[in-house]
Amino acid sequence: MRHDEDGLFKLRLSYDLDKRIRTQMIPYAIPEIQSFQLVEKQQFRLFIQV
């Protein structure tokens, strides 16, 4: 597999039940963070519904 570009890439592999494999190199850009908040909580509760 070759690519002619510089930078970061994600490698995507997909396959099916007939053992056919497809590869893709997708350009990846790191997202810019617009805002950030630190949230502090004294107690943590986990609710599980069944």
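Scroll up for the structure.
Presented here is a report on the structure given in the accompanying data block. Quick caveat: nothing in here was measured; it's all calculated off a predicted structure. (Residues numbered from 1 in each chain as written. Predicted model: local features only at pLDDT ≥ 70, side-chain atom pairs only at ≥ 80, totals over all residues. Heavy atoms only, no water.)

**Observations concerning the overall build of the chain**
At step 1: From N to C terminus, the chain includes zero helices and two strands.
At step 2: Buried residues in the chain amount to 0% of all 50 residues.
At step 3: Here the chain has roughly 6,200 Å² of accessible surface; of this, 52% comes from carbon and sulfur atoms. (Helix = DSSP H or I, 4+ residues; strand = E, 2+ residues; numbered from the N terminus. Buried < 20%, exposed > 50% of the residue type's maximum accessible area, 1.4 Å probe, protein only. Areas by Shrake-Rupley, 256 points an atom, 1.4 Å probe, with all protein chains shown as cover.)

**Side note on a nonpolar patch on the surface**
At step 1: Residues Leu11, Leu13, Tyr15, Ile21 and Met25 make up a contiguous nonpolar surface patch of about 590 Å² in total accessible area.
At step 2: Those elements that place two or more of their residues in the nonpolar patch are strand 1 (9–15) and strand 2 (21–27).
At step 3: With respect to the element layout, Ile21 can be found in strand 2. (Patch = residues over 30% accessible without salt bridge, like charges linked within 9 Å, V, L, I, M, F, W, Y side chains within 5 Å. Salt bridge = Lys/Arg side-chain N within 4 Å of Asp/Glu carboxyl O.)

**A look at the pattern of salt bridges**
At step 1: On inspection of all chains with the given rule, the structure shows two salt bridges.
At step 2: Of the charged contacts in the structure, one is a salt bridge between Asp16 and Arg20, with a shortest N-O distance of 2.7 Å.
At step 3: When the shortest N-O distance is used, the salt bridge between Arg20 and Asp18 registers 3.4 Å. Comparing Arg20 with Asp18, the two get one shared label, exposed.
At step 4: Shared partners join several salt bridges into a network, and the residues in it are Asp16, Asp18 and Arg20.

**Topic: the pairing of strand 1**
At step 1: Taken together, the seven bridges between strand 1 and strand 2 define a ladder with antiparallel strand orientation. The residue bridging Ser14 from the neighbouring strand is Arg22, located in strand 2.
At step 2: Hairpin remark: strand 1 followed by strand 2, antiparallel, with five residues in the connecting loop; positive phi at Lys19, about 65°. (Pairing = 2+ DSSP bridges.)

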